[in-house]
Amino acid sequence: MADLSVALCGVTLKNPVIPASGTFGFGREFNELYDISCLGAVATKGLTLAPRAGNPVPRIAEGRGVILNAVGLQNPGAEYFIEHDLAWLRSKTRVIANVAGSTLRDYGEICALLDGKTDFIELNISCPNVRCGGMAFGIRPESVKEVTKIARENLQKTPLIVKLSPNVENIAKNAAAAEEGGADCISLINTFTGLAVDIRRRRPILANNTGGVSGAGIRPIAVRMVYEASRAVSVPVIGMGGITCAEDAIEFLMAGATAVQVGTQNFTDALACPKIIEGLNEWCDFYGIGRIASLTGTLQLNG
Ligand SMILES: Cc1cc2nc3c(=O)[nH]c(=O)nc-3n(C[C@H](O)[C@H](O)[C@H](O)COP(=O)(O)O)c2cc1C
């Protein structure tokens, strides 16, 4: 059996497989199907300071190899999570609290509230910034750095992961901006903005009009972005986007990721994460890889 453990900002994960934010709730439903303590960590549903009801339905549209979602950060609020789910989830595995806000102050406050309570904080910076007329914090390198700095200033004990948006001009620049702002780790990618049309009604399928595109179809773009971002920073990288099996996860590790997150595939197959962990073990054994951590960043370009 290979050693699947990986170290992320001084924290050891038993393996590199993490369900992605928004696709796993707080883990309770999945724990009915398998013991989630087998996971390297869990990234929580996106948390905000106040509870949010989310967007009107329909919120999900299915495409070929992809889905679009406009869930709109439905969540019970960070305090509810701390009171009802956190202790249970921490008794199972490492916890990454995924957090969001619409102002810099929101980001600072939610980080201060969660500091020292979870193993990591993951900053979702794909949310509309009220000050920038609704443009997401994660679009421009300047605002990536600014929001990262505010989060960093409000965290004394917890490593900070900044989750990058792919809807940008230059992913390497945004990755570097997150590191300059004080990120201990970066994760990518969040969803691509998309539009699905109900051609009979000549209207968007989603009530929100546009939604975030995720799933198997985005994987080659995500792998390319992880490669470019990981070359631009010295902090560790968590890769995600369209992972469906162990081989997909290995692509991300070779492209530069230390760990991976699995999102949409949890909807297709609720046992996706444990199957990927098992598949990583088998793959490593077959190819004589003693430590999975040795695969990170080993991709060599042609020519
Ligand atoms: C229904 C749904 C809800 C999501 N909610 C969040 C969220 O709250 N915070 C966040 O950072 N990312 C969220 N994401 C993005 C995923 O965590 C992930 O970055 C993205 O889906 C790409 O991975 P995948 O192709 O494996 O799904 C959500 C994705 C989906 C499909």
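Residues numbered from 1 in each chain as written. Predicted model: local features only at pLDDT ≥ 70, side-chain atom pairs only at ≥ 80, totals over all residues. Heavy atoms only, no water.

**Details of the nonpolar core**
Rules: Among buried residues, the Ala, Val, Leu, Ile, Met, Phe, Trp, Tyr and Cys ones that are joined through side-chain atoms within 4.5 Å form a nonpolar core. Partly exposed residues are those whose accessible area sits between 20% and 50% of the maximum for their type, while under 20% is buried and over 50% is exposed, using a 1.4 Å probe and protein chains only. Whether two residues are in contact is decided by their heavy atoms: any pair within 4.5 Å suffices.
Of all hydrophobic cores here, the largest spans 95 residues; its most connected members are Leu-123, Leu-164, Ile-186, Leu-188 and Leu-280. Among residues more than four places away in sequence, those in contact with Leu-164 are Ile-125, Val-144, Ile-171, Asn-174, Ala-175, Ala-178, Ile-186, Ser-187, Leu-188, Ile-189 and Asn-190.

**Focus: the site of the ligand**
In plain terms, the rule: Only a single heavy atom is needed: when it lies within 4 Å of a molecule or strand, its residue is near that molecule or strand. Think of a polar contact as two N or O atoms within 3.5 Å of one another; within protein, one of them needs to be a possible hydrogen donor and the other a possible acceptor, and neighboring residues in sequence only count if both atoms come from side chains. Shrake-Rupley sampling with a 1.4 Å probe provides the accessible areas, and residues are treated as covered by the protein chains on show and by no other component.
The immediate surroundings of the ligand are formed by 24 residues, with Ser-21, Lys-163, Gly-215, Gly-242 and Thr-264 found nearest. The contact in question runs from a nitrogen atom of the ligand to an N or O atom on the side chain of Asn-124, over 3.3 Å. Note that an oxygen atom of the ligand is positioned 2.7 Å from one of the backbone N or O atoms of Gly-242. Look at the ligand: alone it shows 610 Å² of surface, and the protein chains cover 94% of it.

**Quick word on the side chain of Asn-266**
Selection criterion: Helix and strand assignments follow DSSP, with helices taken as H or I runs no shorter than four residues and strands as E runs no shorter than two, numbered in order from the N terminus.
Among the structural elements, Asn-266 can be located in helix H9 (residues 265-268). Relative accessible area serves as the criterion here: at 3%, Asn-266 is assigned to the buried category. At 3.3 Å, the side chain of Asn-266 forms a polar contact with the side chain of Thr-23. Polar contacts involving the side chain of Asn-266 include one to the main-chain carbonyl oxygen of Val-262, which spans 2.8 Å. Those residues in contact with Asn-266 that lie beyond four places of it in its chain are Pro-19, Ala-20, Thr-23, Phe-24, Phe-30, Ala-272 and Cys-273.

**Looking at the environment of Pro-236**
Mapped onto the fold, Pro-236 is located in the loop between helix H7 (219-232) and strand E15 (237-240). For Pro-236, a relative accessible area of 22% puts it in the partly exposed group. Spatially, the C-alpha atoms of Pro-236 and Asp-248 are 19 Å apart, while their sequence positions differ by 12 residues. Not counting residues up to four positions away in its chain, the partners in contact with Pro-236 are Leu-8, Cys-9, Asp-184, Cys-185, Ile-186 and Thr-258.

**A look at the sheet that holds strand E6 (residues 67-69)**
Defined as follows: Two strands qualify as a pair provided DSSP detects at least 2 bridges between them. Note on geometry: axes are lines fitted to C-alpha atoms, helical ones only across the stretch in contact, with angles between N-to-C directions running from 0 to 180 degrees.
With antiparallel pairing, the 4 strands of this open sheet are ordered in space as E5-E6-E14-E11. With one partner strand each, in any of the chains shown, strand E5 (60-62) and strand E11 (192-195) form the two edges of the open sheet. The mean inter-strand angle of the sheet, taken between neighbouring strand axes irrespective of direction, is 40°. Here 4 bridges tie E11 to strand E14 (residues 210-214), and the two strands are oriented antiparallel to one another. From the neighbouring strand, Thr-193 faces E14, where its bridge partner is Gly-212.

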